[in-house]
Amino acid sequence: MDKVILQVNDIFSQAWKGCQKPMWFKVLNIDRTNNSIEIECHSFDGLNVFPETWSLDTTEIGFEIGDYKLVK
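Residues numbered from 1 in each chain as written. Predicted model: local features only at pLDDT ≥ 70, side-chain atom pairs only at ≥ 80, totals over all residues. Heavy atoms only, no water.

Caption draft 1: Quick peek at the overall build of the protein. Helices and strands together make up the secondary structure of the protein, namely 1 helix and 5 strands. Along the protein, helices and strands appear, N-terminal first, in the series β-β-β-β-α-β. The C-alpha radius of gyration of the protein comes to 12 Å, within 12% of the 11 Å expected for a compact globule of 72 residues. Judged by the C-alpha coordinates and their principal axes, the protein covers about 35 × 25 × 20 Å. Scored against the burial criterion, the 72 residues of the protein give a buried share of 35%. Pairs at least 24 apart in sequence give 35% of the contacts found in the protein among residues at least 6 apart. On the protein, roughly 4,800 Å² of surface is accessible, and the fraction owed to carbon and sulfur atoms is 50%. In the protein, the 7 positive side-chain charges and the 11 negative ones have mean positions that sit 8 Å from each other. (Helix = DSSP H or I, 4+ residues; strand = E, 2+ residues; numbered from the N terminus. Rg over C-alpha atoms; globule rule 2.2 N^0.38 Å. Buried < 20%, exposed > 50% of the residue type's maximum accessible area, 1.4 Å probe, protein only. Contact = heavy atoms within 4.5 Å. Areas by Shrake-Rupley, 256 points an atom, 1.4 Å probe, with all protein chains shown as cover. Lys, Arg positive; Asp, Glu negative; His and termini not counted. Charge placed at Lys NZ, Arg CZ, Asp CG, Glu CD.)

Caption draft 2: Up close: the pattern of salt bridges. Under the defined criterion, the tally for this structure stands at 2 salt bridges. The closest approach of N and O atoms between K3 and E64, which form a salt bridge, is 3.6 Å. Here E64 lies in helix 1 (residues 56-64) and K3 lies in the segment before strand 1 (11-14), a separation of 61 residues in the sequence. E60 serves as the salt-bridge partner of R32, at 3.4 Å between the closest nitrogen and oxygen. Residue R32 is found in the loop between strand 2 (23-31) and strand 3 (36-43), and its partner E60 is found in helix 1; the two are separated by 28 residues along the sequence. Look at R32 and you get partly exposed, because its relative accessible area is 43%. For E60, a relative accessible area of 5% gives the class buried. (Salt bridge = Lys/Arg side-chain N within 4 Å of Asp/Glu carboxyl O.)

Right, dumping it as structure tokens:
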């Protein structure tokens with residue numbers, strides 16, 4: 001699999017098979033200098049929406065190990 005380099009407005013979801021209620025995420029902002037990514041977290045049932053800030057490199061590695069998959 002090619003290395004995923006996230007961009008603003010990318011949408012991705014949890015991909016591991018054991019996840020009972022997967023969430024999807026929209027990239028709001030990326031700060032490569034400070035290694036951070038601001039995302040908007042969504043439950044698939046639409047009941048929960050909230051922002052979080054994550055480590056950028058850890059999130060991108062999540063695609064390599066199968067934790068996440070790009071939706072669009």
